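Survey of secondary and tertiary structure
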Amino acid sequence: MLRSLHMKLVMIMVLLIMSLMIVVGAFLINSVTAFYLEDFYSQMSDVFQDPLLYHDLTTPASEEENGAQQLSLVLDAYAGELGVDGRNRKLYILDSNGVCLISPDGAAAQLNYTENLTFALTTGLETGQSGDESSLALDYMDVAIPIRRGEESYIIYILDNKATSNDLTDQMLVLIVEALIFGLVISILLSFLLSKTMVTPIQKLTEGAMRVAEGDFSRKIEVVSQDEIGVLTDTFNDMAGQLRDTLRQVENERNKLDTLFLHMTDGVVAFSREGRLIHSNPAAARMLRQSIGPETTYEDLFPGGAALDQVLAADDHLEEERQVRDRYLQLLMAPFDRGREGGGALVVLHDVTEQRKNEEMRREFVANVSHELRTPLTNIRSYAETLTENAGEMPPDMEKKFLGVILNESDRMTHIVQDLLTLSRFDSERDELKLTRFSFEEAVQDIYNAVYMEAQKHDHTLTLDMEPGLPAILADRERVLQVMMNIVSNAIKYTPDGGHIDIYAGTRRGRVWMIVDDDGIGIPEEDRPRIFERFYRVDKARSRQSGGTGLGLSIAREIVERHRGRITLLRKESPGLAIRLELNIEGPDYGR
Ligand code: ADP
């Protein structure tokens, strides 16, 4: 490019000089030739219009038979004025028939009958007009003048071979060629100089542009001149600066996006129009339980669902849900940069397992509530109906029994409704904990005392083993006692008569704990994870019989969690169940 610019400059200069010289040369040479031609004819007309000469030429002398000789003698006197030298400019005298009578050095044989001569011989002899026309293109100039001398007519013919003018033009040509060569040398030198001053900054600019193209923005290009190239360099520096800033911003944005993609919990996968992977984050691979590599295609990841073409043609986005092992994934698929080069489809994966589980639980809960309330209601209704239908006819003890069932069932309903209200208050967080500091030791002791009689009734051996000096804790005493009571009464309920129930309590690392360990029916392995769910009961009939609602442990867990404590099932080898309750000594806000 550099070279070509250089060459272009040289070529332009050379062509400029050459065309200039050719035009000037042609103009000069033409002017000189024209000048000579004009000069020749004006010289001729000056001489031949001289009245003296005309008189001498037209007046016949005594020996008239020698008229041509006479004419020649007269004209010899004017040889200087006519420029006739016998070599370059020759004088001929012809008679009216065109026969050459007088010629220099006997050159008559070579005489050419030119247009002017023919004109003078034909028309001129009659009209007296001279043949005096010539053109620059001819290599001679001539004039033929008809002269009437007495009875005879003659043609004075002067022929110039243009040697003088040709010599001059030749010399001029040599001069022009010399000037051309000189001009060319100067122009080549000048073009070198010019190209140097123009090309060097362009060269620098090119180098700078190449550096910028490679991403090196560290150096600015020096602005040397104030001309257009200087302005261009300045503008280029500005542009490079702006480009660097924009690139930094883009890089920043990309880093931000990368970090976002990397750490976001939702999965993101992008595909090209052809279904090739463009981008994916670790969450996507984790959620799809599949390794994602550069070779992974849309079909590999999402077979059987909406096809890529459908996603690309979608107006807004498509939604799909699919199950991957035990997880439910919601897929939002949308096209991006539609109709543009480089567009494709974006798939965002959202784990909705918890949502689905919650929905399922809510459905189950509503079904459970309806079921739990319907059973006592049906009972109440049927017993009340029987009582109404047989009013006054039933034995009084039977009536009493029926009324007792009705009362019992209403109590159960009240119980369920109360429990549900408690749970709903927890759910809506309307229930504030009434925190007070009270003795954990005393609380455990109170529970022990409260259930002691009940345990006795069932022939259970109830023991209490407490570490000495248990601290006072900050908690909602009533709620904590409710939890403790639930755990202990469950142990009594679900342990066949004559069982062993041991209560332990102690403190560790800022927390107090209580374990209630029984040797009752225990909980089958598969039910253990669900034991704290609402209405969940291993044996519904047994629970109902003992007045249970299946809500006790879920309420207990809510209370404990609100205290930022823990309630867990312990693993044990022997039959029965062991539950551990753990609470912060310093209350729910401790360690936040
Ligand atoms: P319920 O009112 O039915 O007792 P809970 O929520 O207190 O409801 O308990 C839920 C279920 O857990 C009970 O129905 C029972 O099947 C089981 N369960 C609770 N404690 C024990 C225990 N100590 N031994 C055996 N099963 C228990």
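Refer to the structure presented above.
Residues numbered from 1 in each chain as written. Predicted model: local features only at pLDDT ≥ 70, side-chain atom pairs only at ≥ 80, totals over all residues. Heavy atoms only, no water.

On to the site of the ligand. In the vicinity of the ligand lie 21 residues, with Asn490, Tyr494, Ser543, Thr549 and Leu553 positioned nearest. At 3.0 Å from an oxygen atom of the ligand is found a main-chain nitrogen or oxygen belonging to glycine 550. Leucine 553 places a main-chain nitrogen or oxygen 2.7 Å from an oxygen atom of the ligand. Its free accessible area being 530 Å², the ligand has 97% of it covered by the protein chains. Secondary structure elements with two or more residues in the shell around the ligand: helix 14 (477-493) and helix 16 (552-562). (Near = heavy atom within 4 Å. Polar contact = N/O pair within 3.5 Å; in protein donor to acceptor, adjacent residues only side chain to side chain. Areas by Shrake-Rupley, 256 points an atom, 1.4 Å probe, with all protein chains shown as cover. Helix = DSSP H or I, 4+ residues; strand = E, 2+ residues; numbered from the N terminus.)

The next thing to look at is the side chain of glutamate 372. Within the secondary structure layout, glutamate 372 lies in helix 11 (residues 353-389). On the accessibility criterion, glutamate 372 (1% relative accessible area) is buried. In this view, glutamate 372 contacts Arg412, Ile416, Phe535, Arg537 and Arg544; residues no more than four positions away in its chain are not counted. (Buried < 20%, exposed > 50% of the residue type's maximum accessible area, 1.4 Å probe, protein only. Contact = heavy atoms within 4.5 Å.)

Below, the discussion takes up the environment of leucine 420. Residue position: leucine 420 is located in helix 12 (residues 396-427). In the structure, leucine 420 is positioned 135 residues away from isoleucine 555 in sequence and 9.1 Å away in space, judged by C-alpha atoms. Those residues in contact with leucine 420 that sit more than four places away from it in its chain are Phe365, Val369, Phe535 and Leu551.

Burial runs high along strand 3 (residues 141-149): 8 of the 9 residues are buried. By the bridge criterion, 9 bridges tie strand 3 to strand 4 (residues 152-160) in an arrangement that is antiparallel. The residue of strand 4 that forms the bridge with methionine 141 is aspartate 160. (Pairing = 2+ DSSP bridges.)

In this section: the packing of aromatic side chains. One pass over the full model with this rule turns up 9 aromatic pairs. Aromatic side chains tyrosine 298 and phenylalanine 302 sit 5.5 Å apart centroid to centroid with 55 degrees between the ring planes, which places their arrangement in the tilted category. Exposure remark for tyrosine 298: the relative accessible area of 2% places this residue in the buried category. For phenylalanine 302, a relative accessible area of 0% gives the class buried. Between tyrosine 448 and tyrosine 452, the aromatic rings sit 5.7 Å apart at their centres with planes inclined by 50 degrees, giving tilted as the arrangement. Of this pair, tyrosine 448 and tyrosine 452 both sit in helix 13 (residues 440-457), 4 residues apart, roughly one helical turn. A relative accessible area of 16% means that tyrosine 448 is categorised as buried. Classification of tyrosine 452 as partly exposed rests on a relative accessible area of 33%. (Phe/Tyr/Trp six-rings, centres within 6.5 Å; stacked < 30°, edge-to-face > 60°.)

Turning next to the sheet that holds strand 16 (residues 578-584). Across the sheet, which stays open at both edges, the 5 strands sit in the order 11-13-14-16-15 with mixed pairing between neighbours. The open sheet is flanked by strand 11 (461-466) and strand 15 (566-570), the only strands paired with a single partner. Going from strand to strand, the sheet's axes swing by 15 degrees on average, the running direction of each strand aside. Strands in contact with helix 13 are strand 11, strand 13 (500-508) and strand 14 (511-518); relative to strand 11, the strand with the most contacts, it is inclined by about 170 degrees. Taken strand by strand, helix 14 contacts strand 13, strand 14, strand 15 and strand 16, and its axis lies near 20 degrees from that of strand 14. (Axes fitted to C-alpha atoms, helices over the stretch in contact; angles between N-to-C directions.)

With that out of the way, let us pick up the sheet that holds strand 3. The pairing of strands in a sheet happens through backbone hydrogen bonds and is either parallel or antiparallel. Spatial strand order, 2-1-4-3: 4 strands in an open sheet with antiparallel pairing. In this open sheet, the two strands that pair with only one neighbour each are strand 2 (100-102) and strand 3. Taken over all neighbouring pairs, the strand axes of this sheet differ in orientation by 30 degrees on average, direction set aside. The sheet strands contacting helix 3 (residues 67-76) are strand 1 (89-95), strand 2, strand 3 and strand 4, and the helix crosses strand 1 at an angle near 155 degrees.

Evaluated as defined, the whole model comprises 26 salt bridges. In this structure, the salt-bridge partner of aspartate 160 is arginine 89, at a minimum N-O distance of 2.5 Å. With a gap of 71 residues between them, aspartate 160 in strand 4 and arginine 89 in strand 1 connect regions that are remote in the sequence. Summarising the burial analysis for this pair, aspartate 160 and arginine 89 share the class buried. The closest approach of N and O atoms between glutamate 385 and arginine 381, which form a salt bridge, is 3.1 Å. Of this pair, glutamate 385 and arginine 381 both sit in helix 11, 4 residues apart, roughly one helical turn. Here glutamate 385 falls in the partly exposed class, since its relative accessible area comes to 34%. With a relative accessible area of 57%, arginine 381 lands in the exposed category. Several salt bridges share partner residues, and in doing so they unite Arg511, Arg566, Arg580 and Glu582 into one network. (Salt bridge = Lys/Arg side-chain N within 4 Å of Asp/Glu carboxyl O.)

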